[in-house]
Amino acid sequence: MLSPQSQQVRDFVVGQYAAFNGDITIQQMRDGMETAIAGMPAVEGIQTQEVSVGGVPAEWVRMPNVATDRVLLYLHGGAYTMGSHRTHRDLAARLSQASGVQALVLNYRLAPENPYPAAIEDALTAYHWLLTQGFRPEHIAIGGDSAGGGLTLATLLSLRDAGEKMPAAAILLSPWTDLTASGESLATRVEADPVIKPGDLEPHIAHYLGQGNRDHSLASPALADLTGLPPMLIHVGHDEVLLDDSTRIAQNAQNVGVEVKLKVWEDMWHVFQAYAFMLPEAQQSIGELGAFVKQHLS
C-alpha cells in the first residue's frame, strides 16, 4: 500500500500526464514534456557538457567525483517522438551518482521526422564514438527508460548480430519492448495504470514505424532471440499497462541463458524513477540500478 507521501506523488504524476490528453500535436507534447520537467527540482551538483558524438548531439552528465574512464550510455524515453537530454538530465545525474560513473545522454533523432531505424543508427553511432574515445566495452554500460529501454535492446541486438563486442551491462527502466501491443497487461492493468492507456501508444507507434514491420526484432525486442546479450537489470512498476514488456524480456532472456534480474515495484507506475526528487521508491530503485552498473563496470 502506498504511503501518504507516495500517494501525493502519484496524484502529482496523474496531473502532469493529464496535460497530454486530448487532440494535441507532437510539438505540443514535446514542449509540454520539457515544461513539466523544467518545473521539477534537480539534484544538486550536476555537471554537464554538450558534445557531438559522430554528428549526433549529446550531453555528458556527471556528478562530483565519479569515474571518467567508465560511462553509462543513456537513451531517454518519450515514445520515440519526445524527450531530450534536458528532460532526462536529473535522472541521468542520479544514476551517475549511484553508479559512480559519468553518463552520456544521447539526443537521438525523433519520429515522425526521423522514423525507424534512425534512433537505432544514432545509438550505434554513439557507442562506436565512445570506443574511438578510448572507452573499452567492459567499461561501458547502456540503459534507458520506456522507448529508451526498447532502444537499448535494439542497440544490443544490432551489435550482437554484427559480431561486435557489447557493453558490459544494461539497465532497463519500464522498457517499451513490444510495438505489436500483444502483452496481456495492456488489458489487465488498464484500471491500475495512472498515466498510460493502451490507446495512447498507437499514434507514437505509427509515427515511429510508419508502414514498417511491428514484429521485427529491432522494433519489438520482446519478440526477439536475446541470446548473447550482456547482464541486464530491469525495474518496472506493478501498475503499468506495459508490465509484460518487462516480464517477457526477463523470461526470454532467462530462457536463453542471459543473466537477468527483474524487479517489479508494487504500486508504482511507468518510469517512476523520474520523480526521485520526492519519491522514496524512486530513490531506492536508482540506488539499485546504479549499484548494478558499478558492479559490472568495476
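A quick note: this is a predicted structure, and the numbers were derived from the prediction, not measured.

What counts, and where the lines are drawn
- Residues numbered from 1 in each chain as written.
- Predicted model: local features only at pLDDT ≥ 70, side-chain atom pairs only at ≥ 80, totals over all residues.
- Heavy atoms only, no water.
- Pairing = 2+ DSSP bridges.
- Helix = DSSP H or I, 4+ residues; strand = E, 2+ residues; numbered from the N terminus.
- Right-handed = clockwise from strand over helix to strand, strands pointing away.
- Buried < 20%, exposed > 50% of the residue type's maximum accessible area, 1.4 Å probe, protein only.
- Core = buried A, V, L, I, M, F, W, Y, C linked by side-chain atoms within 4.5 Å.
- Axes fitted to C-alpha atoms, helices over the stretch in contact; angles between N-to-C directions.
- Parallel < 35°, antiparallel > 145°, perpendicular 65-115°, else oblique.
- Left-handed = near helix turned anticlockwise from the far one by under 90°.
- Contact = heavy atoms within 4.5 Å.
- Nonpolar A, V, L, I, M, F, W, Y, C, P; charged D, E, K, R; others polar.
- Phe/Tyr/Trp six-rings, centres within 6.5 Å; stacked < 30°, edge-to-face > 60°.
- Lys NZ or Arg CZ within 6 Å of the ring centre and 35° of its normal.
- Expected span 1.5 Å × (residues − 1).
- Arc of directions from axis to C-beta.

Engineer: Sorry, what's going on with the pairing of strand β3 (residues 67-75) here?
Structural biologist: Each regular strand carries side chains that alternate between the two faces of the sheet. As judged from the 6 bridges shared by β3 and strand β4 (residues 101-106), these two strands associate in the parallel manner. Paired with Y74 across the strands is V105, a residue of β4. What joins β3 to β4 is helix α3 (residues 89-99), and the crossover it makes is right-handed. Sheet analysis places β3 next to strand β5 (residues 140-145), joined by 5 bridges and oriented parallel. The residue bridging V71 from the neighbouring strand is I140, located in β5.

Engineer: Would you mind showing me how to read the pairing of strand β7 (residues 232-237) here?
Structural biologist: The buried fraction of β7 amounts to 6 of the 6 residues, a majority that puts the element mostly inside the structure. Neither face of β7 is open: one carries M232, I234 and V236, the other L233, H235 and G237, and all of them are buried. Across 4 bridges, strand β6 (residues 169-173) lies against β7 in parallel orientation. Each bridged residue has a counterpart across the sheet, and for L172 the counterpart in β7 is I234. Bridge count for β7 against strand β8 (residues 260-265) is 6 bridges, and the pairing is parallel.

Engineer: Would you mind showing me how to read the nonpolar core here?
Structural biologist: In a soluble, globular protein the nonpolar side chains are often hidden away together inside. The biggest cluster of nonpolar side chains holds 99 residues, and the ones touching the most others in it are V53, L104, L106, L130, I171, W176 and M232. Sorting elements by how many residues they give to this core places helix α4 (residues 118-132) first, with 8 residues.

Engineer: I would appreciate a short explanation of the packing of α4 against helix α5 (residues 147-161) in the present structure.
Structural biologist: Relative placement of two packed helices is described by the angle separating their axes and the distance separating the axes. Two elements in contact, α4 and α5, have axes separated by 9 Å at closest approach and are oriented at 65°. Taken together, the axes of α4 and α5 lie roughly perpendicular to each other. Along this stretch, α4 crosses α5, giving a crossing that reads as right-handed. Residues A119, I120, A123, L124, Y127 and H128 of α4 pack against L151, A154, T155, S158 and L159 of α5. Residue composition of the contact of α4 with α5, by class: 8 nonpolar, 3 polar and no charged.

Engineer: For this particular structure, what's the right way to read the packing of aromatic side chains?
Structural biologist: The geometry of an aromatic ring pair is captured by two quantities: the separation of the ring centres and the angle between the planes. All chains considered together, the criterion is met by 7 aromatic pairs. Ring geometry for Y116 against Y208: centres 5.7 Å apart, planes inclined by 85°, an arrangement best described as edge-to-face. On the criterion of sequence distance, the pair formed by Y116 in the loop between β4 and α4 and Y208 in helix α7 (residues 198-209) is long-range, its members being 92 residues apart. Taking the relative accessible area as the measure of exposure, Y116 reaches 24% and is therefore partly exposed. Chaining the aromatic ring pairs together yields one cluster made of Y80, Y116, W176 and Y208. The cationic tip of K263 hangs over the ring face of W265; the distance from NZ or CZ to the ring centre is 4.1 Å.

Engineer: Looking at this structure, how should I read helix α2 (residues 26-38)?
Structural biologist: One full turn of an α-helix is made of 3.6 residues, so residues set three or four places apart face in the same direction. Here α2 spans 18 Å end to end across 13 residues, near enough to the 18 Å set by a 1.5 Å rise per residue. Along α2, the residues classified as buried are I26, M29, R30 and M33. In an axial view of α2, the angular spread of the buried residues amounts to 100°, which keeps them on one side of the axis. Projecting away from the buried face of α2 at angles above 90 degrees are the exposed residues T35 and A38. For α2, the elements touching its buried residues are α7.

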